[in-house]
Amino acid sequence: MQSIVLSSGGEADWFRKASFYQIYPRSFHDSNGDGIGDLRGIEDKLDYVKDLGVDAIWLCPIYSSPNDDNGYDISDYRSIHPDFGTMADFESLLESMHRRGLRLIMDMVLNHSSDQHDWFRASRSSRGDAKRNWYFWSPPRRGEHGEKEPPNHWGSFFSGSAWAWDEKTEEYYLHLFGKKQPDLNWENADLRDALYGEMRFWLAKGVDGFRLDVINLISKAPGFPENRPQADSSFTSPMPFVADGPRLEEYLKEMRQKVFKPYKAIAIGETPGVTVEAAKRYTAPESEELDILFQFELMDADGGAGGKWDHRRAAPADLEQVMRRWQEGLGRVGWNSLYWNNHDQPRLISRFGDKTYREASGKALAAFLYLQKGSPFIYQGEEIGMLNFPFRALSELRDIECLNFISYACADESFWEKRGEAGIWEAVRAKSRDNARTPMQWDDSPLAGFSDSSSWIAVNPNASAINVREASGRESSILNFYRKLIRFRKKEPLISDGGIEFFDTGLPALRGYRRYEEGGPSLYVAANLGSEMLEEPPKLPWPEARQLVLGSYADGQKSGQWRPWELRVWHEAE
Ligand code: ISL
Ligand code: CA
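1. With respect to the packing of helix 14 (residues 400-411) against helix 15 (residues 413-431)
Phase 1: Packing of helix 14 against helix 15 brings their axes to within 8 Å, and their N-to-C directions diverge by 150°. For the element pair helix 14 / helix 15, the angle class is roughly antiparallel. Here Cys 402, Phe 405, Ile 406, Ala 409, Cys 410 and Ala 411 of helix 14 come into contact with helix 15, specifically with Glu 413, Phe 415, Trp 416, Ile 424, Ala 427 and Val 428.
Phase 2: Taken together, the residues that form the contact of helix 14 with helix 15 break down as 11 nonpolar, no polar and one charged.

This is the structure:
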């Protein structure tokens, strides 16, 4: 069968030269007019994806789920949510992908399940249940006046306490994310084996690997150590006690041997808060843990002291500093993903670019990152330069994280006083995950070609101008730039294998680096990561004898000046 040839016949490190395309199925393409994107809708668009030049698709969760967190709350790991279609639709999609030489990476959520999963139903049924210990349960602490309080002050990533009270068995359970996403207890070997079984079910069907949701949170510090907040008793971050915990690498190695290795599948870990040193260990080939990981430092670059919702503009130097640390830190040992966007992040151009220079800034940012070492992950719509949505009303929002943020912000007097209603909306427009989740813009029809009837979340009003049909037909479009960039990356070994050296141009907005192998000609990448025109500095870090191979402006370069968001890529002449 074709799929077997593809998943095991390639080289073990195929992913190093590969680019990935991420699909959020709910918002990609609706084939049956119920307003929700689905598997057949994806299958219809595979030629488009293939034509981008990518090698693999990461598909966000499609399993049964009450959708409290849009599929990241799985209630049955072996079934397809009816919104997305049937198992036959899934098999057909996989077959069609493999026929086109596209690999499939499934999303796997192993840190928590839905509270509607049979395992949690059993676990909460009584303190003596055999699965009680598959989740984290803890008796209450007693407050000053004997009142019941959660075991500690850990806050959930989705606001409020990370502990929820269970009336029936009179204990708290841990949920680092939503209340309906109880954390699974990896200390329990039966639970681990059960999860491995769920993964093998999909590997046996021929899927090529998994993207492992928040996988570095699965080993918690024993005893739920207290992280005592200030006297105002607000919640504090559980991160120091749950990220990169004591048994994490033991679990990763076990999963590698029992799940990934027998199928030659790849393991891509989402690892918030990971340090460069830990990332290097997890992805070093001899560790046999992860192949690729997602770290968050670029995504944190525009968060202020108050975190994600405390939004500030990131300067080019902030972005470059993060890139540099990771590129140099992982060196030739570790392996990283390169991403600007995903289903949890606002749109790239609205965030780090400039919509006045939509196409130039989109191209410059893309090439600046994706010509570094690592595997690019391109999120649906990024390749046509989609923008954030102009949210103005609660009814336009869908995401649990954002809605929880709004209700906590409204109830928090100091936040309310500081930011006010306008400030809350500004934060929502800048940072809500719903920005990434509005439908893919295929054409200029009323629902942008996403669906012919309705949509579960509004289509961006700019779809009449920004869409695949328009971009496909125009040579200078951002879409055609992505197509070139992805192909260029694949045929130029310096990009996947070469060393990297960042250089100083003397101008804060003009950044650059070279990719090299000792003794050979280098590849130079430089960009004006700002919206001002720049006069070229007198001393240039790139050689005179060079050849332009890619640029963010179609009309070549103007000598002595760098236009807003002008990017240039050169080969050093031999
Ligand atoms: O979205 C975030 C920032 O606001 C992150 O903190 C995010 O919650 C974190 O990256 C983990 O994300 C993953 O797990 C979540 C899920 O909601 C996200 O969609 C998923 O990508 C819980 O499963
Ligand atoms: Ca549908």
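2. Details of the pattern of salt bridges
Phase 1: All chains considered together, the criterion is met by 52 salt bridges.
Phase 2: The salt bridge partner of Glu 91 is Lys 205, with a shortest N-O separation of 2.7 Å. Of the two residues, Glu 91 sits in helix 4 (residues 87-99) while Lys 205 sits in the loop between helix 6 (189-204) and strand 11 (209-212), which places them 114 residues apart along the sequence.
Phase 3: Residues Glu 475 and Lys 484 are paired through a salt bridge, measuring 3.6 Å at the closest nitrogen-oxygen approach.
Phase 4: A relative accessible area of 40% means that Lys 484 is categorised as partly exposed.
Phase 5: Linked by salt bridges that have partners in common, Asp 69, Lys 308, Asp 344, Asp 399, Glu 401, Arg 433 and Arg 437 make up one network.

3. Topic: the site of ligand 1
Phase 1: Close to ligand 1 lie 17 residues; Asp 69, Asp 213, Lys 308, Asp 344 and Glu 401 are nearest.
Phase 2: Residue Asp 69 places a side-chain N or O atom 2.5 Å away from an oxygen atom belonging to ligand 1.
Phase 3: A distance of 2.9 Å separates an oxygen atom of ligand 1 from a polar atom in the side chain of His 112.
Phase 4: Here ligand 1 has 490 Å² of accessible area as a free molecule, and 92% of this is covered by the chains.
Phase 5: Of the residues that constitute the shell around ligand 1, the class distribution is five nonpolar, three polar and nine charged.

4. Describing the state of the cysteines
Phase 1: According to the stated counting rule, one finds zero disulfides in the structure shown.
Phase 2: The thiol sulfur of Cys 410 is not disulfide-bonded, and the nearest other cysteine sulfur, from Cys 402, lies at 11 Å.
Phase 3: Under the relative-accessibility criterion, Cys 410 is labelled partly exposed at 40%.

5. So, the coordination of the calcium ion (ligand 2)
For a metal bound by four donors in tetrahedral geometry, the ideal donor-metal-donor angle is 109.5 degrees, whereas six donors in octahedral geometry ideally sit at 90 or 180 degrees.
Phase 1: At this site the calcium ion (ligand 2) is bound by Asp 30 (OD), Asn 32 (OD1), Asp 34 (OD), Ile 36 (O) and Asp 38 (OD), with donor distances of 2.2 to 2.4 Å.
Phase 2: Read in sequence order, the donor residues coordinating the calcium ion (ligand 2) give the pattern D-x1-N-x1-D-x1-I-x1-D.
Phase 3: Given the relative accessible area of 51%, Asn 32 is considered exposed.

Reading the values: rules and limits
Residues numbered from 1 in each chain as written. Chains lettered and ligands numbered in written order. Predicted model: local features only at pLDDT ≥ 70, side-chain atom pairs only at ≥ 80, totals over all residues. Heavy atoms only, no water. Axes fitted to C-alpha atoms, helices over the stretch in contact; angles between N-to-C directions. Helix = DSSP H or I, 4+ residues; strand = E, 2+ residues; numbered from the N terminus. Parallel < 35°, antiparallel > 145°, perpendicular 65-115°, else oblique. Contact = heavy atoms within 4.5 Å. Nonpolar A, V, L, I, M, F, W, Y, C, P; charged D, E, K, R; others polar. Salt bridge = Lys/Arg side-chain N within 4 Å of Asp/Glu carboxyl O. Buried < 20%, exposed > 50% of the residue type's maximum accessible area, 1.4 Å probe, protein only. Near = heavy atom within 4 Å. Polar contact = N/O pair within 3.5 Å; in protein donor to acceptor, adjacent residues only side chain to side chain. Areas by Shrake-Rupley, 256 points an atom, 1.4 Å probe, with all protein chains shown as cover. Disulfide = S-S within 2.5 Å. Donors = N, O, S within 2.8 Å, 3.2 Å for Na, K, Ca; no water.

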